[in-house]
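So the chains spell out like this:
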Amino acid sequence: MRVLVTEDEELLADLVARGLRRAAIAVDVAYDGDSALERLAVNDYDVLVLDRDLPGTHGDDVCRAVVAGRMRTRILMLTAAGTVPERVAGLRLGADDYLPKPFEFAELLARVQALGRRAMPAVPPVLRKHGIVLDNARRQVTRNGEYIRLAHKEFAVLATLMAADGTVVSAEELLERVWDENIDPFSNTVRVTMSKLRAKLGDPQVIRTVPGSGYLI
């Protein structure tokens, strides 16, 4: 999953982004509406966490732009005004969900994950293949009953490959889905992460490299 957090309180935005990354979610951050629109124009996001009261382009107008552009991005709107009329107004603009400030991070994470499931094709919460069991809710992976400790990016790469259900996933798609805009597209990050993941999964190897195309399980 890839998320854009748009919030003008920089400390809050960075804290939210850090927490989402710990949940193996790729996150970009924008501190104003103009920057959010620029990122939305070039990146494919599953979820937009959108503060309503933004400098530059107002959050309401960012929401309208996403809806008008028929983007598949789901919108979780944030605001300090938590009255029923405010929530109704936000939802009528096209937001998919609404969370008043202050909020508990655990609730925000649960709402982002729920919206992410709606933005993507349905994937079972537990994926099984070649003796590997990946539990998305618990962030746990076992192989033949043995627990495997994975780093956040390793887990996200494995989840992406298993969700692809035997189809090839390119390195470019992995960069788009697992990392954020700060990653160098010409780096060997995917190859290095794949090497570590293969080592942790052990033998027999289940991740195949398809020359010139990508990877599959």
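Keep in mind that this is a model prediction, so the values were computed, not measured. (Residues numbered from 1 in each chain as written. Predicted model: local features only at pLDDT ≥ 70, side-chain atom pairs only at ≥ 80, totals over all residues. Heavy atoms only, no water.)

### A word on the overall build of the protein chain
Turning to step 1, where the next piece is worked out: For the protein chain, the count of helices and strands is eight helices and 11 strands.
Turning to step 2, where the next piece is worked out: Judged by the C-alpha coordinates and their principal axes, the protein chain covers about 55 × 35 × 30 Å.
Turning to step 3, where the next piece is worked out: Of all 217 residues assigned to the protein chain, the portion counted as buried reaches 45%.
Turning to step 4, where the next piece is worked out: Taking contacts inside the protein chain between residues at least 6 apart in sequence as the whole, the part at least 24 apart equals 58%.
Turning to step 5, where the next piece is worked out: Total accessible area computed for the protein chain in this model is approximately 11100 Å², and 52% of it derives from carbon and sulfur atoms. (Helix = DSSP H or I, 4+ residues; strand = E, 2+ residues; numbered from the N terminus. Buried < 20%, exposed > 50% of the residue type's maximum accessible area, 1.4 Å probe, protein only. Contact = heavy atoms within 4.5 Å. Areas by Shrake-Rupley, 256 points an atom, 1.4 Å probe, with all protein chains shown as cover.)

### Some remarks on the environment of aspartate 165
Turning to step 1, where the next piece is worked out: As for its placement among the helices and strands, aspartate 165 is situated in the loop between helix H6 (152–163) and helix H7 (171–178).
Turning to step 2, where the next piece is worked out: Accessibility expressed as a relative area gives 58% for aspartate 165, which makes it exposed.
Turning to step 3, where the next piece is worked out: Separated by 48 residues in the primary sequence, aspartate 165 and arginine 117 place their C-alpha atoms 16 Å from one another.

### Quick notes on helix H2 (residues 33–42)
Turning to step 1, where the next piece is worked out: Among the residues of H2, those classed as buried are Gly33, Ser35, Ala36 and Leu40. Mapping the buried residues of H2 onto a view down its axis gives an arc of 155°, with all of them on the same face. The outward face of H2, more than 90 degrees from its buried face, is lined by the exposed residues Glu38, Ala41 and Val42.
Turning to step 2, where the next piece is worked out: Its buried side turned inward, H2 meets strand E1 (2–6), strand E2 (26–30), strand E3 (47–51) and helix H3 (59–68).
Turning to step 3, where the next piece is worked out: With a side-chain oxygen lying 3.1 Å from the backbone nitrogen of aspartate 34, the N-terminal cap of H2 falls on aspartate 32. (Arc of directions from axis to C-beta. Polar contact = N/O pair within 3.5 Å; in protein donor to acceptor, adjacent residues only side chain to side chain.)

### Examining the sheet that holds strand E7 (residues 132–135)
Turning to step 1, where the next piece is worked out: Spatially, E6-E7-E8-E9 is the arrangement adopted by the four strands of the open sheet, whose pairing is antiparallel. Only two strands of the sheet have a single partner each, and these edge strands are strand E6 (126–129) and strand E9 (146–148). Shown here is a sheet whose adjacent strand axes are inclined to one another by a mean of 25°, direction ignored.
Turning to step 2, where the next piece is worked out: Bridge count between E6 and E7: four bridges; the pairing is antiparallel. Note that in E7 the partner of arginine 128 across the bridge is valine 133.
Turning to step 3, where the next piece is worked out: Here H6 sits on the sheet in contact with E6, E7 and strand E8 (140–143), set at roughly 110° to E7. (Pairing = 2+ DSSP bridges. Axes fitted to C-alpha atoms, helices over the stretch in contact; angles between N-to-C directions.)

### Examining the environment of arginine 39
Turning to step 1, where the next piece is worked out: Following the sequence through the fold, arginine 39 ends up in helix H2.
Turning to step 2, where the next piece is worked out: Spatially, the C-alpha atoms of arginine 39 and glutamate 181 are 9.1 Å apart, while their sequence positions differ by 142 residues.

### Topic: the pattern of salt bridges
Turning to step 1, where the next piece is worked out: Scanning the model with the defined rule gives 16 salt bridges in all.
Turning to step 2, where the next piece is worked out: Across the pair aspartate 46 and arginine 72 runs a salt bridge, and its minimum N-O distance is 2.7 Å. Of this pair, aspartate 46 sits in the loop between H2 and E3 while arginine 72 sits in the loop between H3 and strand E4 (74–79), placing them 26 residues apart in sequence.
Turning to step 3, where the next piece is worked out: For aspartate 46, a relative accessible area of 0% puts it in the buried group.
Turning to step 4, where the next piece is worked out: In this structure, aspartate 60 and arginine 52 form a salt bridge, with 2.6 Å as the shortest nitrogen-oxygen distance. With respect to burial, aspartate 60 and arginine 52 carry one shared label: buried.
Turning to step 5, where the next piece is worked out: Residues joined in a network through salt bridges with shared partners are Glu7, Glu9, Asp51 and Lys101. (Salt bridge = Lys/Arg side-chain N within 4 Å of Asp/Glu carboxyl O.)

### Let's talk about the pairing of E8
Turning to step 1, where the next piece is worked out: The alternating pattern of E8 places Val141 and Arg143 on a buried face and Gln140 and Thr142 on a face that is not buried.
Turning to step 2, where the next piece is worked out: As defined by bridge partners, E7 adjoins E8 across four bridges and the pair is classed as antiparallel. Paired with aspartate 135 across the bridge in E8 is glutamine 140.
Turning to step 3, where the next piece is worked out: Following E7, the chain reverses through four residues before pairing antiparallel with E8; arginine 139 in that reversal takes a positive phi of roughly 55°.
Turning to step 4, where the next piece is worked out: Inspection of the sheet shows E8 paired to E9 by three bridges, in the antiparallel sense. Across the sheet, the residue bridging to threonine 142 is tyrosine 147, located in E9.
Turning to step 5, where the next piece is worked out: As consecutive antiparallel partners, E8 and E9 are separated by two residues, and within that stretch asparagine 144 has a phi angle of approximately 55°, a positive value.

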